[in-house]
Every structure is written in C-alpha cells, then in structure tokens.
Amino acid sequence: MADQLKAANAAEVTLLEALRTAGIVLPSVAVDREAGRRSGFYLVDLGSARPDVVVQLAVLLRLGAQGQSTKPGLETA
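Conventions used here
Sequence order as written defines the numbering, with residues in each chain counted from 1. Local features in this predicted model are restricted to residues whose pLDDT is 70 or higher, and side-chain atom pairs enter the listing and the counts only when it is 80 or higher, whereas totals over whole chains, interfaces and linings include all residues. Calculation of side-chain values draws on the structure's entire complement of heavy atoms; hydrogens and water are dropped beforehand. A run of DSSP states H or I qualifies as a helix once it reaches four residues; a run of E qualifies as a strand once it reaches two. Both are numbered from the N-terminal end. When a residue's accessible area, from a 1.4 Å probe over protein chains only, is under 20% of the maximum for its type it is buried; when over 50% it is exposed; and in between it is partly exposed. Per-residue and other accessible areas were derived by the Shrake-Rupley procedure at a 1.4 Å probe size, with only the shown protein chains allowed to occlude residues. Any carboxyl oxygen of Asp or Glu within 4 Å of a side-chain nitrogen of Lys or Arg constitutes a salt bridge here. Here a cavity denotes a set of grid points, spaced 1 Å apart and computed over the protein atoms alone, in which a 1.4 Å probe fits but from which it cannot get out, and a pocket denotes an open set meeting protein on both sides within 12 Å along at least five of seven lines; residues with an atom within 4 Å of a point are reported as lining. Grid points are joined across faces, edges and corners, and a volume is the space filled by probe spheres set on the points. Residues are grouped as follows: Ala, Val, Leu, Ile, Met, Phe, Trp, Tyr, Cys and Pro are nonpolar; Asp, Glu, Lys and Arg are charged; all remaining types, including Gly, are polar. His is not counted here, nor are the chain ends, while Lys and Arg score as positive and Asp and Glu score as negative. We call two residues in contact whenever any of their non-hydrogen atoms come within 4.5 Å of each other.

1. Notes on the overall build of the protein chain
Then step 1. Looking only at helices and strands, one finds three helices and two strands in the protein chain.
Then step 2. For the protein chain, the sequential pattern of α-helices and β-strands runs α-β-α-β-α.
Then step 3. Within the protein chain, the proportion of its 77 residues that are buried is 16%.
Then step 4. If you sum the accessible surface of the protein chain, you get close to 5,900 Å²; carbon and sulfur atoms cover 60% of it.

Take a look at the structure:
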C-alpha cells in the first residue's frame, strides 16, 4: 500500500506541475487518502473547477493528444 500511496502522490505532483506550466489551476486536486486506507487503492481526486478552467484543460488535452503518437507513459527510449 505504501507504494500505491507514493505513486498517487507522485502523480498528483506531476499533474500540478504540468497544469502550472500551462497556467491552469485546479485547487481541489488531492490524493484521496481515506479511500486508499479503506480500499488499498489510492486515487487522485481532481476535485471541482470553474467551467472556464475545465475548457482550458480540455483545449490543452486536445493539443497534447494531437501531438502525441502514443499514450503518455508508453513512449519507448
């Protein structure tokens, strides 16, 4: 379980850094530690966001998806 919590924390940091680079703030992003303790699965809760921020995120995702030939994390060295 500690490895899953560490992975969830790292994912949270990675997401927040990427969003910060794009000028997007999701103030409610957090690892759901309580659910993780109960179930053993630590999830990153993206929380709530204003509609204009969600549109900015969608635009960023589309741009990234158009520039990606593979799924993130599956690139080969």
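2. Observations concerning the pattern of salt bridges
Two side chains of opposite charge can pair, provided their charged atoms sit close to one another.
Then step 1. In the structure shown here, the tally under the stated rule is three salt bridges.
Then step 2. For the salt bridge of Arg38 with Glu34, the shortest nitrogen-to-oxygen distance reads 3.6 Å. Here Glu34 and Arg38 lie together in helix α2 (residues 33–39), a separation of four residues that amounts to about one turn.
Then step 3. Given a relative accessible area of 41%, Glu34 falls into the partly exposed group.
Then step 4. The salt bridge partner of Asp52 is Arg50, with a shortest N-O separation of 2.9 Å.
Then step 5. Looking at Asp52, the relative accessible area reads 40%, which means it is partly exposed.
Then step 6. Among the charged side chains, a network of salt bridges with common partners joins Glu34, Arg37 and Arg38.

3. Some remarks on the layout of surface pockets
Then step 1. There is about 370 Å³ of room inside the largest pocket.
Then step 2. Around the largest pocket, the lining residues are Ala11, Thr14, Leu15, Ala18, Leu19, Leu26, Val44, Leu46, Leu57, Leu60 and Leu61.
Then step 3. For the lining of the largest pocket, the elements supplying multiple residues, two or more each, are α1 (2–21) and α3 (51–67).
Then step 4. The leading source of residues in the lining of the largest pocket is α1, at five residues.
Then step 5. Class assignment for the residues of the lining of the largest pocket results in ten nonpolar, one polar and no charged.

4. Some points on the side chain of Glu12
Then step 1. Turning to its location among the elements, Glu12 is positioned in helix α1.
Then step 2. Although Glu12 is buried, it makes no salt bridge; Arg33 carries the closest opposite charge, 4.9 Å away.
Then step 3. With residues near it in sequence (within four places) discarded, Glu12 still touches Val29, Ala30, Val31 and Val44.

Without other data, these values stay purely geometric and don't point to any function.
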